[in-house]
Amino acid sequence: MKLLKPLLLSAFLGASMGAFSTAALAETDEGRITFTPQVAIANTVAKIMEARHAIDNGADSDAAVALITEAIDLNKEINANDIVDSKRQRAATHLKKAKSAAKKSELQVAEEQLKEAEQKFKELPSFI
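Summarised in this report is the structure supplied together with it.

### Observations regarding the overall build of the protein chain
Per the secondary structure count, the protein chain includes six helices and zero strands. Scanning the protein chain from its N terminus toward the C terminus, one meets helices and strands in the order α-α-α-α-α-α. Residue burial in the protein chain is summarised as follows: out of 128 residues, 30% are buried. In the protein chain, of all internal contacts separated by at least 6 residues, the share reaching a separation of at least 24 is 74%.

If you want it as structure tokens, here you go:
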């Protein structure tokens, strides 16, 4: 009996893991919008350009922070390969620096960081 109980339990666990695949269910999430890497990069660059344009036109720091935050959120959608992800993370540091500068009302510094981030994000499609 001591041998039979663990044997049956392990057989049951093995059968249940093989019969139910969570990876198959992950693809049926209809509430999530996914983008190709090129589209995600283009969306991020567009939002960065929008934030730069707002700063150039005299937007206040709260509006700049909101736009930069949207760019940060969009950059997380870029998912191509390990090289692109590494470069994306490096480019995202400029977005984070721009956000912290905008929070301190240092919009000139934020704009410089946004220019750097825009340049780095525009380089990403060559690594796909």
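### Concerning the pattern of salt bridges
Side chains carrying opposite charge are able to pair once their charged atoms draw close together. Summed over the entire model, instances satisfying the criterion amount to six salt bridges. For the salt bridge of Arg88 with Asp85, the shortest nitrogen-to-oxygen distance reads 3.1 Å. On the criterion of helical spacing, the pair formed by Arg88 and Asp85 is a turn pair, its members being three residues apart in helix H5 (residues 82-103). A single network of salt bridges, built from pairs that share partners, joins Lys47, Glu50 and Glu70.

### Details of the nonpolar core
The biggest cluster of nonpolar side chains holds 27 residues, and the ones touching the most others in it are Ile48, Ile68, Ile78, Leu95, Ala102, Leu114 and Phe121. Listed by contribution, the elements that provide at least two residues to this core are helix H3 (37-56), helix H4 (61-75), H5 and helix H6 (107-123). Discounting chain neighbours no more than four positions away, the residues touching Ile78 are Ala40, Ile41, Thr44, Val84, Arg88, Phe121 and Leu124.

### Notes on the environment of Gln119
Residue position: Gln119 is located in helix H6. C-alpha separation for the pair Gln119 and Ala91, spaced 28 residues apart in sequence, amounts to 8.6 Å.

### Concerning the packing of H3 against H6
When two helices pack together, their arrangement is given by the angle between their axes and by how far apart the axes lie. Viewed as axis vectors pointing N to C, H3 and H6 meet at an angle of 160°, and their least axial separation amounts to 10 Å. Classified by the interaxial angle, the pair formed by H3 and H6 is roughly antiparallel. Note that H3 runs across H6; the crossing there is left-handed. The segment H3 lies against H6, with Ile41, Thr44, Val45, Ile48, Met49, Ala51, Arg52, Ile55 and Asp56 engaging Leu107, Ala110, Glu111, Leu114, Lys115, Ala117, Glu118, Phe121 and Lys122.

### Topic: H5
The terminal C-alpha atoms of H5, which comprises 22 residues, lie 31 Å apart, in line with the 32 Å expected from a rise of 1.5 Å per residue. Residues of H5 that are buried include every one of Val84, Arg88, Ala91, Ala92, His94, Leu95, Ala98, Ala101 and Ala102, and no others. Next to the buried residues of H5 lie H3, H4 and H6. The backbone nitrogen of Ile83 has a side-chain oxygen 3.1 Å away, supplied by the residue at the start of H5, namely Asn81. Just past H5, the residue Ser105 takes up positive phi, approximately 65°.

Analysis parameters
- Residues numbered from 1 in each chain as written.
- Predicted model: local features only at pLDDT ≥ 70, side-chain atom pairs only at ≥ 80, totals over all residues.
- Heavy atoms only, no water.
- Helix = DSSP H or I, 4+ residues; strand = E, 2+ residues; numbered from the N terminus.
- Buried < 20%, exposed > 50% of the residue type's maximum accessible area, 1.4 Å probe, protein only.
- Contact = heavy atoms within 4.5 Å.
- Salt bridge = Lys/Arg side-chain N within 4 Å of Asp/Glu carboxyl O.
- Core = buried A, V, L, I, M, F, W, Y, C linked by side-chain atoms within 4.5 Å.
- Axes fitted to C-alpha atoms, helices over the stretch in contact; angles between N-to-C directions.
- Parallel < 35°, antiparallel > 145°, perpendicular 65-115°, else oblique.
- Left-handed = near helix turned anticlockwise from the far one by under 90°.
- Expected span 1.5 Å × (residues − 1).
- Polar contact = N/O pair within 3.5 Å; in protein donor to acceptor, adjacent residues only side chain to side chain.

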